[in-house]
Structure formats: C-alpha cells, structure tokens
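Structural description and commentary
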Amino acid sequence: MTRLLLIGPPGAGKGTQAVRLSQACNVPAISTGDIFRSNVQNGTELGLKAAEFMNAGKYVPDSLTNDLVRSRLNEPDVDNGFLLDGYPRTAAQVAELDDILAGTGHELDVVVLLVADSDEIVKRLSKRALEQGRSDDTEDVIRHRLDVYAEQTAPLIEIYSDRGLVVEVDGLGSVDDVTARITGALDARGIALLAS
Ligand code: ADP
C-alpha cells in the first residue's frame, strides 16, 4: 500500500530504478515520460502534441499532462498504491496531484529524491543517445532539460521536504547498489517491501 514519488534530474536513473522499485513495493510504476513516448510511437493525437515539446527539451503543458495522470490514478490497479516517476514536475502539478489524491482519500508515503551531479548526467545521457537514439538526448536539448529541471522541478524538493516526505539517495554507482540504497532507505521508514 505504498504511494511513492521518484524525483530527480534527467539522467539520474529514475526510469531504471522505477521498474525495480515497483517490483520491490509491489505497486504499478507510472512514468509520464514512458506514457508520452508510447503515444508518440503510436502516433496518437496526444503523442503528436507532446512530441514537439519533448524534442525541444521542454515540459509538456500541464493541460495535457494533468488529465493523463488523473485518469491513470483513477484506474483500479492503483488502489493498493503506485510509484509515480516523472510526475509531478511543476508546482502546479503538485497541486493537481494533491487534488487527485484528496479525491481518492489517499496520501503520499514517501518521495525518493535520486541525485547525481551534472557531469555524470551529461555523460550518461550522451551514452543513452548513442544506445537508444532518444530524440531528446542531443547535447543542446540535454542542457536545456537540466535548466528546466533546476528552474521548475528542483523547487518541489522543498515543498515535499516541508511535508517530511523526502528521502535523498545518491544515484551514483551500479544499478544494484542504487536499488539497495533506495530499498534500505524505504525499509528504514517502515515501508513494506517484498523480499527480493
Ligand atoms: P527524463 O527524466 O530523462 O527527462 P522522462 O522520460 O521522465 O525523462 O521525460 C521525458 C520528457 O517527457 C520530458 O522532457 C518532458 O518533455 C515530458 N514529460 C514527462 N513527464 C512530464 C511531466 N510531468 N510534465 C511535463 N512534461 C513531462
């Protein structure tokens, strides 16, 4: 019954850890980035609209993002918890999520902040550009995404810290090490985990 957010700069490893944590916590992982990318691939109307923002390293407008998350969080499989990866990313999205959760009578349990320094991030994203060919992983776009993160998303850390929800975890090191660090921190907060 865990309701968890994963926050961190692009390239911190949220997507990789989200898959593992959703298994460890036995809750569905909901990644707005993945949802947008699959809409782009399938050529949906939402995908066509989202692509122009994503390719420029900009956030997709809240008017598109909020409705998507609201309908996803009203599906029955999230009754027992969820892991949100990449949402909220703006103060307005925090307010929207508060409103969605108030409507379902639920509260967040923890916000995992995955940190990595910008040199490491640029290195990882440049490597991912070669391996996966993501259209938002070019150098200029990466730099812009980091700026947008610093300006619009980093302030969310204080909002959630004030609520006593933030657990900060170092995203450097092997994928297994980072997972162990996060699950260790969740365990220390009394969050139920499946034995791995
Ligand atoms: P990363 O964390 O590496 O930037 P994501 O897969 O989380 O990758 O997001 C990729 C892109 O999808 C973002 O740059 C943005 O354009 C869009 N996106 C994802 N989540 C949101 C959101 N909550 N609000 C607005 N745009 C979003």
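Not measured: the values here are computed from a predicted model. (Residues numbered from 1 in each chain as written. Predicted model: local features only at pLDDT ≥ 70, side-chain atom pairs only at ≥ 80, totals over all residues. Heavy atoms only, no water.)

Focus: helix α9 (residues 175–188)
Residues three or four positions apart in an α-helix share a direction because the helix packs 3.6 residues into each turn. Put simply, the rule is: What counts as a helix is a DSSP run of H or I of at least four residues, what counts as a strand is a run of E of at least two, and both are numbered from the N terminus. To estimate how far a helix should extend, the number of its residues minus one is multiplied by 1.5 Å. When accessible area is computed with a 1.4 Å probe and restricted to protein chains, residues below 20% of their type maximum are described as buried, those above 50% as exposed, and intermediate ones as partly exposed. Directions are taken from the helix axis to each C-beta atom, and the arc is the one they span.
With 14 residues, α9 extends 20 Å between its outermost C-alpha atoms, agreeing within 8% with the 20 Å of an ideal straight helix rising 1.5 Å per residue. Every buried residue belonging to α9 is among V178, T179, I182, T183, A185 and L186, and all of these are buried. An end-on view of α9 places all buried positions within 160 degrees of arc, on one side of the element. In α9, the exposed positions angled more than 90 degrees off the buried face are occupied by D176, D187 and A188.

Description of the side chain of K14
Formally: Under the convention used here, Asp and Glu are negative, Lys and Arg are positive, and both His and the chain ends fall outside the count. The salt bridge criterion pairs a side-chain nitrogen of Lys or Arg with a carboxyl oxygen of Asp or Glu, the two atoms within 4 Å. Polar contacts, as used here, are pairs of N or O atoms within 3.5 Å; protein pairs need one atom able to donate a hydrogen and one able to accept it. Residues neighboring in sequence count only if both atoms are side-chain atoms. Contacts: residue pairs with any heavy atoms within 4.5 Å of one another.
One can find K14 in helix α1 (residues 14–25). As a buried residue without a salt bridge, K14 has its nearest oppositely charged side chain in D85, at a separation of 5.0 Å. Within the structure, the side chain of K14 is placed 3.0 Å from the backbone oxygen of G8, a separation counted as a polar contact. There is a polar contact of 3.3 Å between the side chain of K14 and the backbone oxygen of P9. In this view, K14 contacts L6, I7, G8, P9, D85 and L114; residues no more than four positions away in its chain are not counted.

Here we look at the nonpolar core
Inclusion rule: In plain words, nonpolar cores are sets of buried Ala, Val, Leu, Ile, Met, Phe, Trp, Tyr and Cys residues tied together by side-chain atoms within 4.5 Å.
Core analysis: the largest hydrophobic core is formed by 23 residues, its most contacted members being L83, V169, I182 and L186. For this core, the secondary-structure elements that each account for two or more residues are β1 (3–7), α1, β4 (110–115), α6 (118–132), α7 (139–153), β5 (166–170) and α9. No other element matches α9, which puts four residues into this core. When sequence neighbours within four positions are dropped, the list of residues in contact with L186 reads L4, L21, C25, V110, V112, I191 and L193. Judged by nonpolar contacts, the second largest core, of 22 residues, contains I30, L73, V111 and L165.

Overview of the UniProt feature "binding site: ATP" (unreviewed entry) in the protein chain
As a reminder of what qualifies: UniProt positions are given in the numbering used here, feature names are shortened, and annotations may be inferred rather than shown by experiment. Of the two site types, the cavity is a set of points on a 1 Å grid over the protein atoms alone where a 1.4 Å probe fits but cannot get out, and the pocket is an open set with protein on both sides within 12 Å along at least five of seven lines, each lined by residues with an atom within 4 Å of a point.
Look at the UniProt record and you will see "binding site: ATP" (unreviewed entry) annotated at G11, A12, G13, K14, G15, T16, R128 and G173. Within this annotated set, the largest cavity is lined by K14. Once you skip the residues sitting within four places of it in the chain, G13 turns out to touch L114 and R124. Looking at the secondary structure, you find R128 in helix α6. Not counting residues within four places of it along the chain, the set of residues in contact with R128 comprises G133, R134, D137 and R145.

Digging into the pairing of β4
How we decide: Think of it this way: DSSP has to see at least two bridges between two strands before they count as a pair.
Burial of β4 is extensive: five of the six residues sit out of reach of the surface. Pairing of β1 with β4 involves four bridges; the strand directions are parallel. Of the residues in β4, the one forming a bridge with L6 is V112.

Comments concerning empty space enclosed by the protein
Put simply, the rule is: Grid points are joined across faces, edges and corners, and a volume is the space filled by probe spheres set on the points.
Summed over the entire model, instances satisfying the criterion amount to one cavity of 30 Å³ or more. Considered as a void within the structure, the largest cavity measures approximately 50 Å³ in volume. If you go around the largest cavity, the residues you meet are L6, I7, G8, K14, G86, P88, R89, Y149 and T153. Those elements that provide at least two residues to the lining of the largest cavity are β1 and α7.

Looking at the packing of helix α5 (residues 91–104) against helix α8 (residues 155–162)
For clarity, the threshold we go by: Axis lines are fitted to C-alpha atoms, over the contacting stretch for helices. Their N-to-C directions set the angle, which ranges from 0 to 180 degrees. Residue polarity follows a fixed list, in which Ala, Val, Leu, Ile, Met, Phe, Trp, Tyr, Cys and Pro are nonpolar, Asp, Glu, Lys and Arg are charged, and the others, Gly among them, are polar.
One way to put it is that α5 packs onto α8 with a least axis distance of 9 Å and a crossing angle of 35 degrees. Between α5, through A91, V94 and L97, and α8, the contact on the second element is made entirely by L156, I159 and Y160. Here the contact of α5 with α8 is composed, by residue class, of six nonpolar, no polar and no charged.

Quick look at the site of the ligand
The cut-off we apply is this: Whether a residue is near a molecule or strand depends on its heavy atoms: if one lies within 4 Å, it is near. Each accessible area value is a Shrake-Rupley result obtained with a 1.4 Å probe; residue values ignore everything except the protein chains displayed when judging cover. Here the criterion for a molecule occupying a pocket or cavity is that more than half of its atoms lie within 2 Å of the pocket grid points.
Lining the immediate environment of the ligand, one finds 20 residues, of which T32, R37, K58, G86 and R145 sit closest. Within the side chain of R128, a nitrogen or oxygen atom sits 3.4 Å from an oxygen atom of the ligand. Between R145 and the ligand, the recorded distance is 2.8 Å, taken from a side-chain N or O atom to an oxygen atom. Isolated, the ligand exposes 540 Å² of accessible area, and the fraction of that covered by the protein chains is 96%. Its atoms largely coinciding with the cavity grid, the ligand occupies the largest pocket. In terms of residue count, helix α2 (residues 32–41) provides more of the shell around the ligand than any other element does, four residues in total.

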